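# Descriptive analysis of the structure
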Amino acid sequence: QVQLVESGGGLVQAGGSLILSCAVSGPTFSIVKLGWFRSAPGKERVFVAAIDWSGGISCAADSVKGRFAASRDNAENTVYLQMNSLKFEDTAIYYCAAVDRATAGYDYWGQGTQVTVSS
């Protein structure tokens, strides 16, 4: 089974930058896409960014476009989320998730990493 482990969260001042990592293990041949989601206190989990596992095509939500970008290192089986110009409202638990080619759904999730932006 695919396993995902996020790291890199922490406390950062508004305007600062942070890079999150998502280490992928298991049968990576079954993955077609890796996505980043976040869950702010009292709010539902929402999509942040995603990247195709093979082609590297990425996309981002309008709320973070131009500030956040997903990338991947297939040799290391790791996906990254570069976050720049962080805002207080970016404070959330960030999760990475993988889409299985058999179901086309986000079937695998990491445990999450906390990002706190101080204003």
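Residues numbered from 1 in each chain as written. Predicted model: local features only at pLDDT ≥ 70, side-chain atom pairs only at ≥ 80, totals over all residues. Heavy atoms only, no water.

### Side note on the state of the cysteines
Summed over the entire model, instances satisfying the criterion amount to one disulfide. Disulfide partner of cysteine 22: cysteine 96, at an S-S distance of 2.0 Å. Residues cysteine 22 and cysteine 96 are joined through a disulfide that is right-handed, its torsion about the S-S bond being 60°. Of this pair, cysteine 22 sits in strand β3 (residues 18-25) while cysteine 96 sits in strand β9 (residues 92-100), and the two are 74 residues apart along the sequence. In this structure cysteine 96 comes out as buried when scored by relative accessible area, which is 1%. With no disulfide of its own, cysteine 59 lies 15 Å from the sulfur of cysteine 96, the closest cysteine sulfur. (Disulfide = S-S within 2.5 Å. Helix = DSSP H or I, 4+ residues; strand = E, 2+ residues; numbered from the N terminus. Buried < 20%, exposed > 50% of the residue type's maximum accessible area, 1.4 Å probe, protein only.)

### So, the environment of cysteine 59
Relative to the helices and strands, cysteine 59 is located in strand β6 (residues 58-60). The partly exposed category is assigned to cysteine 59, whose relative accessible area is 41%. In this structure the C-alpha to C-alpha distance between cysteine 59 and aspartate 100, which are 41 residues apart in sequence, comes to 18 Å. In this structure, cysteine 59 is in contact with Phe47, Ala49 and Ala50, ignoring residues within four places of it in sequence. (Contact = heavy atoms within 4.5 Å.)

### A look at the environment of valine 99
Looking at where valine 99 falls in the secondary structure, it is placed in strand β9. Valine 99 sits ten residues away from tryptophan 109 along the chain, and the two C-alpha atoms are 9.4 Å apart.

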